[in-house]
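Structural overview for review
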Amino acid sequence: DAGVIQSPRHEVTEMGQEVTLRCKPISGHNSLFWYRQTMMRGLELLIYFNNNVPIDDSGMPEDRFSAKMPNASFSTLKIQPSEPRDSAVYFCASSLPLGLAGVKETQYFGPGTRLLVL
Amino acid sequence: ELKVEQNPLFLSMQEGKNYTIYCNYSTTSDRLYWYRQDPGKSLESLFVLLSNGAVKQEGRLMASLDTKARLSTLHITAAVHDLSATYFCAVDSQDMRFGAGTRLTVKP
């Protein structure tokens, strides 16, 4: 199995531009998570999906951030317009479906996208 | 709001020594995860602890969970250089929250 695939691996853009990050989860994993990692704030859960449906987006920092999962094998995280403070490593992770009472299974992380907004 | 605190944040130890990393959390949960991250790399799942008293071991690492004390420990036995990495605990209580991480350096 190829694992979780993220693209691009690196992105440098200018403030105000739209940024789209992409994720392909492991086949058969019905839960997908987007995280952001910075030195200042550590790892933060932004949003997660179960069976393509957003379950909790309370971690999405602002309306500039949006995420979609149009099918079981693809998700996007979009930032529009981007700002320098959005610079971070963005991880996508996938897992088997949420269990009873929403128990999260072991998550498998992708390699991350390093985003730099100038 | 769920808070997850790890300590120490930085740990430098010699090969062959034992040490424990602690993870405290603020709300009721019986689901705790440990991850490892090498510099510039992604996160790798180490352990999933799903009940009070759960203990899991893999090689030189052993993790335990005390839900009453809201505490998990990651014990390192006879450390080797290959264990140098950052270790994160994460607690799932409706909200998934990670600790700040413990950066472990094992010196020869």
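Here's a quick rundown of the structure. Since the structure is predicted, the reported quantities are computational estimates derived from the model, not experimental observations.

We now examine the pattern of salt bridges. Residue and element names in this part refer to chain A. In the structure shown here, the tally under the stated rule is 11 salt bridges over all chains. Where Arg36 meets Glu44, a salt bridge forms, and the shortest distance between an N and an O atom there is 3.2 Å. The buried category is assigned to Arg36, whose relative accessible area is 8%. Judged by relative accessible area, Glu44 falls into the buried class, the value being 16%. The network of salt bridges with shared partners includes Glu62, Arg64, Glu83, Arg85 and Asp86.

To continue, consider the sheet that holds strand E1 (residues 5-7) of chain A. Residue and element names in this part refer to chain A. In spatial order, the strands read E1-E3-E8-E7; together these 4 strands make up an open sheet with antiparallel pairing. Across the chains shown, the open sheet's two edge strands, defined by having one partner strand only, are E1 and strand E7 (65-71). In this sheet, neighbouring strand axes are inclined to one another by 15° on average, regardless of whether the strands run parallel or antiparallel. Judged from the 3 bridges that link them, E1 and strand E3 (residues 19-24) form a sheet pairing that is antiparallel. Its bridge partner lying in E3, Ile5 is registered against Lys24.

Let us now look at the packing of aromatic side chains. A full pass over the atoms with the stated rule returns 8 aromatic pairs over all chains. With a centroid separation of 6.4 Å and an interplanar angle of 20°, the aromatic rings of A:Phe33 and A:Tyr35 are classed as stacked. The pair formed by A:Phe33 and A:Tyr35 is uniform in burial state, with each residue classed as buried. Relative to A:Phe109, the ring of A:Phe91 has its centre 6.1 Å away and its plane inclined at 75°; by these criteria the two rings are edge-to-face. Here A:Phe109 lies in strand E10 (residues 108-109) and A:Phe91 lies in strand E9 (residues 88-95), a separation of 18 residues in the sequence. A single burial state applies to A:Phe91 and to A:Phe109, both of which are buried. The structure contains a cluster of three or more aromatic residues connected by ring pairs, namely A:Phe33, A:Tyr35, A:Tyr48, A:Phe91, A:Phe109, B:Tyr35, B:Phe88 and B:Phe98.

It is worth spelling out the sheet that holds strand E6 (residues 55-58) of chain B at this point. Residues and elements named next belong to chain B. Strands sit in the order E1-E3-E8-E7-E6 across an open sheet of 5 strands; the sheet is antiparallel. With partners counted over all chains shown, the strands left at the sheet margins are strand E1 (4-7) and E6, one partner each. For this sheet the average axis-to-axis angle between neighbouring strands, irrespective of direction, equals 15°. Where E1 lies against strand E3 (residues 19-25), 4 bridges are found, and the strand directions are antiparallel. Within E3, the position partnered with Val4 by the bridge is Tyr25.

Bringing the side chain of A:His29 into the picture now. All names here are of chain A. Tracing the backbone through its elements, the reader meets His29 in the loop between E3 and strand E4 (31-38). A polar contact is formed between the side chain of His29 and the side chain of Ser94, at a distance of 2.8 Å. When sequence neighbours within four positions are dropped, the list of residues in contact with His29 reads Ala72, Ser94, Ser95, Leu96 and Tyr108.

Once that is clear, we can look at the interface of chain B and chain A. If you look at the interface, chain B gives 15 residues, while chain A gives 17 residues. Of the roughly 1400 Å² buried at the junction of chain B and chain A (both faces included), carbon and sulfur atoms supply 54%. Between the two partners, chain B and chain A, sit 0 salt bridges. Remark: the boundary between chain B and chain A carries 3 residue pairs in polar contact (both at pLDDT 80 or more). Secondary-structure elements contributing two or more residues to the side of chain B that touches chain A are strand E4 (32-37), strand E5 (43-49), strand E9 (85-93) and strand E10 (95-98) of chain B.

About the criteria used
Residues numbered from 1 in each chain as written. Chains lettered and ligands numbered in written order. Predicted model: local features only at pLDDT ≥ 70, side-chain atom pairs only at ≥ 80, totals over all residues. Heavy atoms only, no water. Salt bridge = Lys/Arg side-chain N within 4 Å of Asp/Glu carboxyl O. Buried < 20%, exposed > 50% of the residue type's maximum accessible area, 1.4 Å probe, protein only. Pairing = 2+ DSSP bridges. Helix = DSSP H or I, 4+ residues; strand = E, 2+ residues; numbered from the N terminus. Axes fitted to C-alpha atoms, helices over the stretch in contact; angles between N-to-C directions. Phe/Tyr/Trp six-rings, centres within 6.5 Å; stacked < 30°, edge-to-face > 60°. Polar contact = N/O pair within 3.5 Å; in protein donor to acceptor, adjacent residues only side chain to side chain. Contact = heavy atoms within 4.5 Å. Buried area = accessible area lost by both parts, 1.4 Å probe.

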